[in-house]
Amino acid sequence: MSYARNRLDAVISRIRQFLAAVRARVNEDEMALLEQYLDPSQQALFRAMSLIDQRHGFDVFNTLLQQGHSDPDLLRAALLHDVGKMGICLWHRVAGVLLEAFWPALLEKLAVNRPQSWLYGFYIYRHHADLSAKLAEGSGCSPSVVELIRGHHTLSNNEQAKALWEADRLS
């Protein structure tokens, strides 16, 4: 398959994700499930995420369950892996996806670590895995959960990390 076709497939997949995000809902039963996997400070962190990211966290969590994964650390990481995206605008997400697909060097240049700048959303988009890991660590997550979150955009030989990467990609 050609590079252009791979990029087009990735963009189409992201468009589907965007449409699903616009319709994102989380029900009371799902929110009650948090008590089984997250302590109160981690639940507060999850609840502080946007509805889009909450829905995505549950989608990744459910994908892992459907694949037969039951490790509590992996499932915690699934729920919290995008918590570092707090404060990012929808247009930064959309532009970030497109730039990542078609002009990654520009995305890197735009990812400015200055919270007062309008470019900061690109920084969050680009570095959310590390930001998420720091927030998870601050909420008392185990080192295993923190490392799974930190590496969720990097394909690894670690089976749990690979499972999280794949479930995130599919959701």
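Placed above this text is the structure.
Residues numbered from 1 in each chain as written. Predicted model: local features only at pLDDT ≥ 70, side-chain atom pairs only at ≥ 80, totals over all residues. Heavy atoms only, no water.

Caption draft 1: Up close: the overall build of the protein chain. Each helix and strand counted, the protein chain has ten helices and zero strands in total. Seen in sequence order, the protein chain has helices and strands lined up from the N terminus as α-α-α-α-α-α-α-α-α-α. Relative to the 2.2 N^0.38 estimate, which gives 16 Å for 171 residues, the radius of gyration of the protein chain is 16 Å and therefore close to what a compact globule would have. Referenced to the eigenvectors of the C-alpha coordinate spread, the extents of the protein chain come out at roughly 40 × 40 × 35 Å. For the protein chain, the residues scored as buried account for 43% of the 171 residues in total. Accessible area for the protein chain stands at about 9,400 Å²; split by element, carbon and sulfur atoms hold 56% of it. (Helix = DSSP H or I, 4+ residues; strand = E, 2+ residues; numbered from the N terminus. Rg over C-alpha atoms; globule rule 2.2 N^0.38 Å. Buried < 20%, exposed > 50% of the residue type's maximum accessible area, 1.4 Å probe, protein only. Areas by Shrake-Rupley, 256 points an atom, 1.4 Å probe, with all protein chains shown as cover.)

Caption draft 2: Region of the structure containing the packing of aromatic side chains. Taken as a whole, this structure holds seven aromatic pairs when the rule is applied. Relative to Tyr123, the ring of Tyr120 has its centre 5.6 Å away and its plane inclined at 15°; by these criteria the two rings are stacked. Linking Tyr120 with Tyr123, this pair stays in helix α8 (residues 120-138), spanning three residues, or about one helical turn. Taken together, Tyr37, Phe46, Phe58 and Phe61 form an aromatic cluster joined through their ring pairs. (Phe/Tyr/Trp six-rings, centres within 6.5 Å; stacked < 30°, edge-to-face > 60°.)

Caption draft 3: Up close: the nonpolar core. Counting residues in hydrophobic clusters, the biggest one holds 30 residues, and the most contacted among them are Phe46, Leu64, Leu79 and Leu164. Secondary-structure elements contributing two or more residues to this core are α2 (28-37), α3 (40-48), α4 (51-66), α5 (72-80), α8, α9 (143-150) and α10 (159-170). Apart from residues no more than four positions distant in its own chain, Leu164 is found in contact with Val60, Leu64, Leu74, Ala77, Ala78, Leu148 and His152. Within the second largest apolar cluster, 13 residues are counted, among which are Ile88, Leu119, Tyr120 and Tyr123. (Core = buried A, V, L, I, M, F, W, Y, C linked by side-chain atoms within 4.5 Å. Contact = heavy atoms within 4.5 Å.)

Caption draft 4: Spatial organisation of the side chain of Gln54. Counting through the fold element by element, Gln54 comes out in helix α4. Sequence-distant contacts of Gln54, defined by excluding residues within four places in its chain, comprise Val26, Met31, Phe46, Arg47 and Met49.

Caption draft 5: Local environment of the packing of α4 against α5. At their nearest, the axes of α4 and α5 sit 7 Å apart, and the two run at 150° to each other. For the element pair α4 / α5, the angle class is roughly antiparallel. Counting all contacts with α4, which are made through Gly57, Phe58, Val60, Phe61, Leu64 and Leu65, the residues of α5 involved are Leu74, Leu75, Ala78 and Leu79. (Axes fitted to C-alpha atoms, helices over the stretch in contact; angles between N-to-C directions. Parallel < 35°, antiparallel > 145°, perpendicular 65-115°, else oblique.)

Caption draft 6: The environment of Gln67, seen in detail. Among the structural elements, Gln67 can be located in the loop between α4 and α5. Judged by its relative accessible area of 40%, Gln67 falls in the partly exposed class. Spatially, the C-alpha atoms of Gln67 and Arg16 are 22 Å apart, while their sequence positions differ by 51 residues.

Caption draft 7: Quick peek at the packing of α2 against α4. Where α2 meets α4, the axes come as close as 12 Å, and the angle between the chain directions of the two elements is 65°. Once α2 is placed against α4, the crossing between them reads as left-handed. Together, Glu30, Met31, Leu33, Leu34 and Tyr37 of α2 and Gln54, Arg55, Phe58, Phe61 and Asn62 of α4 make up the contact between the two elements. Here the contact of α2 with α4 is built from residues that sort into six nonpolar, two polar and two charged. (Left-handed = near helix turned anticlockwise from the far one by under 90°. Nonpolar A, V, L, I, M, F, W, Y, C, P; charged D, E, K, R; others polar.)

Caption draft 8: Up close: the side chain of Asp53. Summarising the element assignment, Asp53 is placed in helix α4. With near-sequence residues (within four places) excluded, Asp53 lies in contact with Asp82, Lys85 and Arg93.

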